[in-house]
Amino acid sequence: MRRKIALFLTAVMAVLSLAGCGGKSDEQAGEDKVYKIAFVVPYIGDQSYWDLVDRGRQIVEEYENVETTLIEAGEDTSKWTSVMTDVCESGYDLIVSGNDTYEYYLYEAAEKYPDQLFFNFDFGNPLDYDNVYAVKYDTAELGYVAGLLSCIVTSSDMEQANEDKVIGVIVGMENDAMDDFIGGYCQAANDMGVQVIIGYPESWTDVAKAKEMTLNMINSGADVIWQVAGGAGNGVFEACAEQNVYALGVDQDQYAQFIDSKPEYAKTILTSFVKNAEVGVQTAVDKLIAGEFPGGAVENLGIAKNGVGLVENDYYLETVPEEVRNQVAEALERVTNGEIEVFSVLNGDPTEWQEIKSEAQQAK
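Predicted model only: the values in this text are computed from it and were never measured.

(A) The arrangement of the sheet that holds strand E11 (residues 298-301) in detail. Taken together, six strands build an open sheet; the order of strands is E2-E1-E3-E4-E5-E11 and the sheet is parallel. Each end of this open sheet is capped by a strand with a single partner; those strands are strand E2 (66-72) and E11. Each strand of the sheet is rotated relative to its neighbour by a mean of 20°, with strand direction disregarded.

Below, the structure written as structure tokens:
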């Protein structure tokens with residue numbers, strides 16, 4: 001009996017000791033929690049879109065209470081269901097994935113694992129799941145400003161601008177998500193009376209095809225060409241470097257990307273129009289840590305929220321005349337405050353898009 005009483009008193013004293021000295025409140029325990037976050041992407045190293053997502057991963061990896069795992073699942077979508085299942089069974093606090101090509105597998109997993117939290121860093125087809133937070137980058141706004149800059153440059157007396165009012169854009173795939181980049185681009189061209197030549201290599205990696213299309217555009221009078229084609233866009237820069245034509249980058253500062261390795265590419269790139277995927281990633285992780293993860297919500301990140309914009313690096317400031325930069329800055333402000341209503345292919349009337357596109361492609 002004495003032994004039982006002694007054991008009971010020892011247990012009570014241990015509990016009291018923990019409460020008084022080593023015990024932690026729920027709030028304190030939450031502060032010490034390490035959040036394990038998985039990033040599932042097809043690959044990195046595209047020097048564009050996927051690398052931006054990985055940059056977001058690297059940013060949050062620097063948090064003291066975050067551990068990240070990068071999973072490169074490959075481009076073979078037949079394997080993605082199995083990959084997502086394995087990730088969901090691995091005990092992560094948050095799974096980050098998405099993009100219009102791969103988000104199906106995120107949603108499939110979200111339905112199968114309702115207690116698992118997901119962040120779709122770039123949705124194309126939002127679905128209503130309480131355990132998914134998704135963001136969209138306003139690529140229509142991005143395209144409008146890219147189109148406006150292209151139109152102003154081709155109409156200017158800048159050194160590499162010719163007398164033709166023709167601009168070009170190389171788009172990796174022909175689908176609504178990618179056309180949303182160029183809906184605003186074509187809208188700006190129509191407003192400015194400039195012709196647009198559009199090329200779809202139907203690939204994110206076919207550099208040779210993108211280069212061939214770009215050379216054809218240049219031969220048809222284009223003197224400013226925007227690449228929206230991932231790794232295939234290197235073919236755009238190669239052609240522009242050979243023909244002394246202006247180029248525009250996408251997703252990240254592509255001038256900075258190439259200035260050391262391929263300076264001849266970099267010197268063609270007036271600026272880059274970026275989807276700040278790393279901003280979306282950091283926003284989602286911050287909300288998770290704060291206990292405010294907005295499951296079921298979809299957020300649009302446009303110019304006003306720094307979701308999209310153009311890079312104002314030293315080369316842009318040195319190469320693009322101040323009067324041109326001022327016109328672009330004014331357009332950014334007008335889009336932000338709603339004075340300019342930009343057409344969105346994803347949200348607009350398909351018939352209207354075909355009309356805008358057809359008008360832009362006609363010779364002026």
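Back to the text.
(B) Inspection of the packing of aromatic side chains at higher detail. Counted according to the given criterion, the structure contains 16 aromatic pairs. Judged by centre distance (5.9 Å) and plane angle (65°), the ring pair of Trp50 and Tyr102 falls under edge-to-face. Of the two residues, Trp50 sits in helix H3 (residues 49-61) while Tyr102 sits in the loop between strand E3 (94-97) and helix H5 (103-112), which places them 52 residues apart along the sequence. Tyr102 sits in the buried class, given a relative accessible area of 6%. Sitting over the ring of Tyr35, Lys33 keeps its end group 5.1 Å from the ring centre. When the ring centre of Tyr265 is taken as origin, the NZ or CZ atom of Lys262, which lies over that ring, is 5.4 Å away.

(C) Summary view of the sheet that holds strand E10 (residues 269-275). Taken in spatial order, the six strands of this open sheet run E7-E6-E8-E9-E10-E12, and their pairing is mixed. Each edge of the open sheet is held by one strand with a lone partner, namely strand E7 (195-199) and strand E12 (308-310). In this sheet, adjacent strand axes meet at a mean angle of 20° when their direction is disregarded. Note that E10 and E12 share three bridges and pair antiparallel. Looking across to E12, one finds that Phe273 is bridged to Leu310. In the packing of helix H8 (residues 207-219) onto the sheet, the strands contacted are strand E6 (166-171), E7 and strand E8 (224-228), and the crossing angle to E6 comes to about 170°.

(D) Highlighting the pattern of salt bridges. Per the stated rule, a full pass over the model turns up 10 salt bridges. Between Glu242 and Lys211 there is a salt bridge; the shortest N-O distance is 2.8 Å. Separated by 31 residues along the polypeptide, Glu242 in helix H9 (residues 234-243) and Lys211 in helix H8 bring together distant segments of the chain. In this structure Lys211 comes out as buried when scored by relative accessible area, which is 18%.

(E) Region of the structure containing helix H15 (residues 350-361). Counted at 1.5 Å a residue, the expected span for H15 with its 12 residues is 16 Å, and the 17 Å between its end C-alpha atoms agrees. Turning to H15, its buried residues are Trp353, Ile356, Lys357 and Ala360. All buried residues of H15 fall inside an arc of 95° around its axis, so they share one side. Summarising the contacts, the buried residues of H15 are in contact with helix H7 (176-192) and E7. If you check the start of H15, you find a side-chain oxygen 2.9 Å away from the backbone N of Thr351, and it comes from Asp349.

(F) Highlighting the pairing of strand E9 (residues 246-250). Among the five residues that make up E9, five are buried, leaving the element largely enclosed by the rest of the structure. Both faces of E9 are covered, namely the face carrying Tyr246, Leu248 and Val250 and the face carrying Ala247 and Gly249. Sheet topology places E8 next to E9; three bridges connect them, and they run parallel. Note on E9: the bridge partner recorded for Val224 is Tyr246. Handedness of the crossover joining E8 and E9 through H9: right-handed. Where E9 and E10 come together, three bridges link them in parallel fashion.

(G) Structural detail: the environment of Leu149. Within the secondary structure, Leu149 is located in helix H6 (residues 139-154). Each C-alpha atom of the pair Leu149 and Glu163 lies 16 Å from the other, and the pair is 14 residues apart in sequence. Discounting residues that sit within four places of it in the chain, Leu149 has contacts with Leu248, Thr271, Phe273, Tyr316, Val324 and Val328.

(H) Local environment of the pairing of E8. With respect to burial, E8 is a largely interior element, five of its five residues being buried. Of the strand pairs in this sheet, E6 and E8 are connected by four bridges, and their pairing is parallel. Within the sheet, the bridge partner assigned to Ile170 lies in E8 and is Gln227.

Scoring rules and cut-offs
- Residues numbered from 1 in each chain as written.
- Predicted model: local features only at pLDDT ≥ 70, side-chain atom pairs only at ≥ 80, totals over all residues.
- Heavy atoms only, no water.
- Pairing = 2+ DSSP bridges.
- Helix = DSSP H or I, 4+ residues; strand = E, 2+ residues; numbered from the N terminus.
- Axes fitted to C-alpha atoms, helices over the stretch in contact; angles between N-to-C directions.
- Phe/Tyr/Trp six-rings, centres within 6.5 Å; stacked < 30°, edge-to-face > 60°.
- Buried < 20%, exposed > 50% of the residue type's maximum accessible area, 1.4 Å probe, protein only.
- Lys NZ or Arg CZ within 6 Å of the ring centre and 35° of its normal.
- Contact = heavy atoms within 4.5 Å.
- Salt bridge = Lys/Arg side-chain N within 4 Å of Asp/Glu carboxyl O.
- Expected span 1.5 Å × (residues − 1).
- Arc of directions from axis to C-beta.
- Polar contact = N/O pair within 3.5 Å; in protein donor to acceptor, adjacent residues only side chain to side chain.
- Right-handed = clockwise from strand over helix to strand, strands pointing away.

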